[in-house]
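# Chain and residue survey
Read off the chains here:
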2 protein chains.
Amino acid sequence: MDQSPSITETPHQSVTFAAGLRLDCGRTLASVTMAYRSYGTLNAAGSNAILICHALTGDQYVAEPNPETGKPGWWEIMVGPGKPVDTDLYFVICANVLGGCMGSTGPRSPHEDNPDQPWGTDFPQVTIQDMVRAQKLLVDHFGIAKLFAVIGGSMGGMQVLAWAALYPEMVFAAVPVATASYHSAQNIAFHEIGRQAIAADPYFYAGHYWREGMRPERGLAVARMTAHITYVSEEALTRKFGRKLQNAEGLSALGDQFAVESYLQYQGSSFVQRFDANAYLTITRAMDLFDLAADHGGVLSRAFKGTRTRFLLVSFSSDWLFPTAQSRAIARALNHVAANVSFVEVQSDKGHDAFLLDEPDFHQTLRGFLAGCAEHAGLA
Amino acid sequence: MDQSPSITETPHQSVTFAAGLRLDCGRTLASVTMAYRSYGTLNAAGSNAILICHALTGDQYVAEPNPETGKPGWWEIMVGPGKPVDTDLYFVICANVLGGCMGSTGPRSPHEDNPDQPWGTDFPQVTIQDMVRAQKLLVDHFGIAKLFAVIGGSMGGMQVLAWAALYPEMVFAAVPVATASYHSAQNIAFHEIGRQAIAADPYFYAGHYWREGMRPERGLAVARMTAHITYVSEEALTRKFGRKLQNAEGLSALGDQFAVESYLQYQGSSFVQRFDANAYLTITRAMDLFDLAADHGGVLSRAFKGTRTRFLLVSFSSDWLFPTAQSRAIARALNHVAANVSFVEVQSDKGHDAFLLDEPDFHQTLRGFLAGCAEHAGLA
């Protein structure tokens with residue numbers, strides 16, 4: 001397995017598929033590298049594998065410190081020995097998405113026709129389904145014929161839905177969390193703000209900033225700040241900051257006068273150290289393009305016709321980015337085809353971010369669902 | 001009366017107060033110009049005057065075409081002969097706010113110490129209360145001892161509340177619409193995105209863009225786009241655009257693929273033609289600083305102690321920027337001091353912008369309220 005570099009040139013564990021991948025847009029990537037991490041042990045039958053799908057700004061370091069930031073894995077609270085996704089029982093895989101910037105093929109990877117330069121904005125626009133097809137190459141590579149479960153939140157949840165729709169026979173259980181079967185006009189609008197802010201940065205150079213040795217950090221920071229507001233609830237923001245003034249003496253229009261402002265600025269500036277702007281453009285656009293019903297004549301239930309996958313849908317009451325109604329619509333579509341589906345709205349005031357945080361009801365629910373599925377799958 | 005220039009040098013009707021104005025920040029403006037428009041006729045008793053307070057990006061052209069854009073006045077649906085605010089009955093005044101860019105003193109005005117240059121970011125940070133004090137100079141100038149009504153939505157509603165708190169004897173009736181007694185952490189956060197986008201624009205030049213003959217148009221456009229999303233409801237965005245693709249052929253990360261994107265881009269680009277970035281910074285910050293309870297020991301009702309003003313509070317059910325709960329909190333505070341208060345939540349799916357749009361229930365309510373007040377004031 002090769003070691004593919006990320007934007008900071010940190011080597012990541014990866015595997016390259018030389019047969020390439022045909023994309024939804026009609027173009028073909030001549031070769032695809034998937035950077036991934038795995039935890040636990042695959043059993044002899046290959047029947048205990050769980051694929052975790054990460055969200056927009058996530059990565060493969062789900063249950064161990066991220067080598068670039070030194071911070072804990074993004075879902076250590078959920079994945080590990082004895083955790084709800086128990087690595088003593090399951091073989092857990094998490095891959096950086098196609099189009100990402102943590103070692104998988106994406107805008108930061110060498111251009112096919114000119115390997116001295118990164119793809120930049122010439123990278124083909126990928127879809128959520130393309131991300132899933134690339135993950136399938138990796139799952140096949142491990143010799144896994146059927147995943148015990150596919151689990152993910154937000155954009156990760158979109159991938160879970162796409163897995164269940166594209167490869168129903170390969171998914172025993174599916175857990176789409178805090179997600180939707182399409183990106184709403186409001187969500188597209190918030191993404192567009194971020195893309196405009198990046199494109200407006202003088203160091204963007206129409207996407208060829210690497211050539212200039214620069215990065216559109218301020219634009220990317222504004223994009224991240226905007227997204228961050230949508231990830232938290234009004235209640236959470238108020239509890240954390242209220243109207244606390246940072247600089248009580250003197251009034252001015254610029255500068256971080258309110259605590260919430262310096263927090264947002266921190267969120268923005270720490271993000272640009274680890275994320276590639278072109279990858280942000282590509283991945284947000286992939287989310288915007290996601291519309292599972294549209295791919296099935298406008299009828300969502302057709303995406304799951306005849307499915308034998310067991311579904312657990314989870315939403316959070318204060319999530320206004322992917323509100324409960326969107327999960328309920330998926331549940332209805334699944335019920336329409338008589339699928340095996342559980343649907344839980346977790347009461348939380350933490351907003352969309354709740355899926356990443358300490359929400360005992362959610363963790364308990366997932367633990368119980370997996371235990372039940374393990375029994376049915378003959379794993380327990 | 002002098003003719004003060006705006007950012008596009010259009011002359012506006014205005015009056016200059018050479019005695020100046022002491023501001024909340026402790027600084028004093030040596031002179032204050034207020035640009036305004038008036039409609040209808042002041043009666044002999046001076047008792048039929050209505051002051052309209054505009055919102056963040058509004059101006060004094062409430063009931064006639066804006067001379068800079070050629071578009072209809074921003075509240076022609078509400079103000080005019082036979083309209084709910086009937087200029088056949090009332091003398092209606094609307095002034096550009098202090099800190100604005102349509103002829104009133106603001107960051108675009110000549111610097112006191114260096115009149116060849118505009119103030120730019122050196123303009124003192126004003127508050128909502130400062131805006132109201134400047135409006136009072138104008139009301140005094142007209143010889144009006146008591147306004148029949150003060151009416152405004154959003155930031156205009158904040159001014160209405162400040163009028164009722166600062167000059168209770170001068171306000172017979174007050175109509176704060178789609179507003180709050182403080183700016184929430186979430187609202188501050190959205191404003192901060194806009195300010196960061198402006199500051200990140202290479203043509204901002206730390207606020208001295210006029211010197212360079214440039215304007216931070218892209219940053220200001222991103223700010224406007226962000227704000228615009230908060231003005232509309234998810235329902236309204238979906239109804240208007242849904243997920244309509246603009247460019248069906250070919251996928252790419254940048255470019256306006258969804259109809260909602262080109263709409264936002266239009267909103268952003270048309271706005272920068274008429275608005276000054278420094279004014280945007282100053283006015284958004286004034287809104288963020290507004291906290292009427294904090295000015296009264298944390299107890300909102302104290303702001304209205306002993307008031308004899310008649311209040312009509314209006315909120316809109318789908319307004320998530322200034323949700324109904326914030327109007328209800330004002331109603332409670334007014335009830336606490338036994339004020340005369342009506343409170344109506346108008347059912348609407350148009351979001352915060354509803355106050356500017358064709359909402360018959362709202363218009364009917366305001367018409368009825370004003371008629372009742374006119375009777376009590378001996379006007380009818």
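With that settled, consider the environment of B:L220. Residue and element names in this part refer to chain B. Assignment of secondary structure puts L220 in helix α5 (residues 217–231). On the basis of neighbour count, L220 is assigned to the buried category, with 26 C-beta atoms found within 10 Å. For the pair L220 and F204, spaced 16 residues apart in sequence, the C-alpha separation works out to 9.6 Å. Once residues within four sequence positions are removed from consideration, L220 is found in contact with I198, F271, V272, F275, A277 and Y280.

The next point concerns helix α7 (residues 277–289) of chain A. Helix length check: α7(A) (13 residues) gives 18 Å between terminal C-alpha atoms against 18 Å at 1.5 Å per residue, within 8%. Across the 13 residues of α7(A), 13 count as buried, placing the element largely inside the fold.

This paragraph deals with the relation of the copies chain A and chain B. Two copies of the chain are present, and they differ by a rotation about an axis and a shift along that axis. With an RMSD of 0.0 Å, the fit of chain A onto chain B corresponds to turning through 180 degrees and sliding 0.0 Å along the axis. The two molecules are tied by a two-fold rotation axis, judged by turn and shift. Take the interface residues of chain A: 100% of them recur as interface residues in chain B, which is what a same-surface contact looks like.

This brings us to the packing of α5(B) against helix α7 (residues 259–272) of chain B. Residue and element names in this part refer to chain B. Where α5 meets α7, the axes come as close as 8 Å, and the angle between the chain directions of the two elements is 125 degrees. When the axes of α5 and α7 are compared, the pair comes out oblique. The chirality of how α5 crosses α7 is right-handed. Listed contacts from α7 to E217, L220, A221, V222, R224, M225 and H228 of α5 are L264, Q267, G268, S269, F271 and V272. Partitioning the contact of α5 with α7 into residue classes produces 7 nonpolar, 4 polar and 2 charged.

Residue and element names in this part refer to chain B. Along the chain, T365 falls in helix α10 (residues 360–376). Residue classification places T365 among the partly exposed residues on the basis of 18 C-beta atoms within 10 Å. When the C-alpha atoms of T365 and L312 are compared, they prove to be 9.0 Å apart, with 53 residues separating the residues in sequence. Contact partners of T365, with chain neighbours within four places excluded, come to V314 and V344.

Below, the discussion takes up the domain arrangement of chain A. All names here are of chain A. Entries for chain A in the domain assignment read domain 1 (3–185 + 290–376) and domain 2 (187–284). For domain 1 versus domain 2, the distance between C-alpha centres works out to 25 Å. Counting residues at the interface gives 30 residues for domain 1 and 22 residues for domain 2. Looking at side-chain class alone, the side of domain 1 that touches domain 2 contains 11 nonpolar, 14 polar and 5 charged residues.

The subject of this paragraph is the environment of B:A162. All names here are of chain B. Counting through the fold element by element, A162 comes out in helix α2 (residues 155–166). Residue classification places A162 among the buried positions, given that 26 C-beta atoms sit within 10 Å. Considering only alpha carbons, one finds A162 and D122, 40 residues apart in sequence, at a separation of 25 Å. Excluding anything up to four places from it in sequence, A162 contacts I128, Q129 and V132.

In this section: the confidence of the model for chain A. Interpretation of the predicted coordinates at a detailed level should be avoided for regions scoring low in pLDDT. Within chain A, residue pLDDT values average 93, and 95% of them lie at 70 or more. Per the prediction output, this complex has pTM 0.90; the corresponding ipTM is 0.85.

Criteria and thresholds
Residues numbered from 1 in each chain as written. Chains lettered and ligands numbered in written order. Predicted model: local features only at pLDDT ≥ 70, side-chain atom pairs only at ≥ 80, totals over all residues. Helix = DSSP H or I, 4+ residues; strand = E, 2+ residues; numbered from the N terminus. Buried ≥ 20, exposed ≤ 12 C-beta atoms within 10 Å, placed from the backbone. Contact = placed C-beta atoms within 7 Å. Expected span 1.5 Å × (residues − 1). Least-squares fit on C-alpha atoms with pLDDT ≥ 70 in both. Axes fitted to C-alpha atoms, helices over the stretch in contact; angles between N-to-C directions. Parallel < 35°, antiparallel > 145°, perpendicular 65-115°, else oblique. Left-handed = near helix turned anticlockwise from the far one by under 90°. Nonpolar A, V, L, I, M, F, W, Y, C, P; charged D, E, K, R; others polar. Domains from an automatic or database assignment. pLDDT = per-residue confidence, 0-100.

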